Amino acid sequence: MTLTINSDHWLDNVKRVPSPFCDARPDDEVSLLVVHNISLPPGEFGGPYIEQLFTGQLDPNEHAYFALIHQFRVSAHCLIRRDGSIIQFVPFNARAWHAGVSCFEGRDKCNDYSIGIELEGCDNLPFTIDQYEALATLSQKIMQHYPAITRQRVTGHEFIAPGRKTDPGLVFDWSGYKKQL
């Protein structure tokens, strides 16, 4: 299978920045949507650093925290910035490296069958209205294109990697978000 960032022609109004941190799925199944959060440096918003991390270009000398993470090979399918703008790093038909060691409903290796959406944010600060609107719209489009993803198969990183991950965090409005699906 050839991975091409333009394979998601049904998704418009996004910036596309290809990540090398993806590969082919073991089969064609896409049946889970995982919501995450990320900020780089932690608790700071708006810089180029998330894009740099997801493309392998993060400079370890720019911030002390970056020295700890610059070698990570991680990605997500999309990032939703604080203003609601969306950046796509990995085509949805490919496996992004976002979930790590994970399990959903007794099935391990969530990266194999999930789509990962990152929200620019952190566990303890509210996400923006623009982010919730963009996330709901993006989720609806994904669910239309991948009908195996139902409202019950939309989850957070904290639920598929308990004890290891805490995102999107206690401030994430699951009720409000799921009402929009």
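On a predicted model such as this, the values are computed, not experimentally measured, just so you know.

1. Side note on the sheet that holds strand 10 (residues 154-156)
Point 1. Taken together, the 6 strands give an open sheet; going across it, the order is 1-5-4-9-3-10, and neighbouring strands pair in mixed fashion. Edge positions in the sheet fall to strand 1 (15-16) and strand 10, since each has one partner strand and no second.
Point 2. Taken together, the 3 bridges between strand 3 (residues 32-38) and strand 10 define a ladder with parallel strand orientation. Following the sheet pairing, Val-35 is matched in strand 10 by Gly-156.
Point 3. Helix 3 (residues 129-145) contacts strand 3, strand 4 (78-80), strand 5 (86-88), strand 9 (114-120) and strand 10 of the sheet and is inclined by roughly 170° relative to strand 9.

2. A few points about the side chain of Arg-81
Point 1. Take Arg-81: it is sitting in the loop between strand 4 and strand 5.
Point 2. Judged by relative accessible area, which is 10%, Arg-81 ranks as buried.
Point 3. Setting aside its immediate chain neighbours within four residues, Arg-81 contacts Gly-46, Gly-47, Pro-48, Ile-50, Glu-51, Ile-87, Glu-120 and Gln-131.

3. With respect to the UniProt feature "domain: N-acetylmuramoyl-L-alanine amidase" (unreviewed entry) in the protein
Point 1. When the UniProt feature table is mapped onto this chain numbering, "domain: N-acetylmuramoyl-L-alanine amidase" (unreviewed entry) sits at residues 19-169.
Point 2. The span residues 19-169 carries 22% helix and 22% strand; its end-to-end C-alpha distance comes to 25 Å.

4. Comments concerning the confidence of the model for the protein
Point 1. With 96% of its residues at a pLDDT of 70 or more, the protein shows a mean pLDDT of 94.
Point 2. Overall, residues 1-6 carries pLDDT values under 50, and its contacts beyond four positions in sequence, including any with other chains, amount to 15 contacts.

So, how was this worked out
Residues numbered from 1 in each chain as written. Predicted model: local features only at pLDDT ≥ 70, side-chain atom pairs only at ≥ 80, totals over all residues. Heavy atoms only, no water. Pairing = 2+ DSSP bridges. Helix = DSSP H or I, 4+ residues; strand = E, 2+ residues; numbered from the N terminus. Contact = heavy atoms within 4.5 Å. Axes fitted to C-alpha atoms, helices over the stretch in contact; angles between N-to-C directions. Buried < 20%, exposed > 50% of the residue type's maximum accessible area, 1.4 Å probe, protein only. UniProt positions renumbered as here; feature names shortened; annotations may be inferred. pLDDT = per-residue confidence, 0-100.

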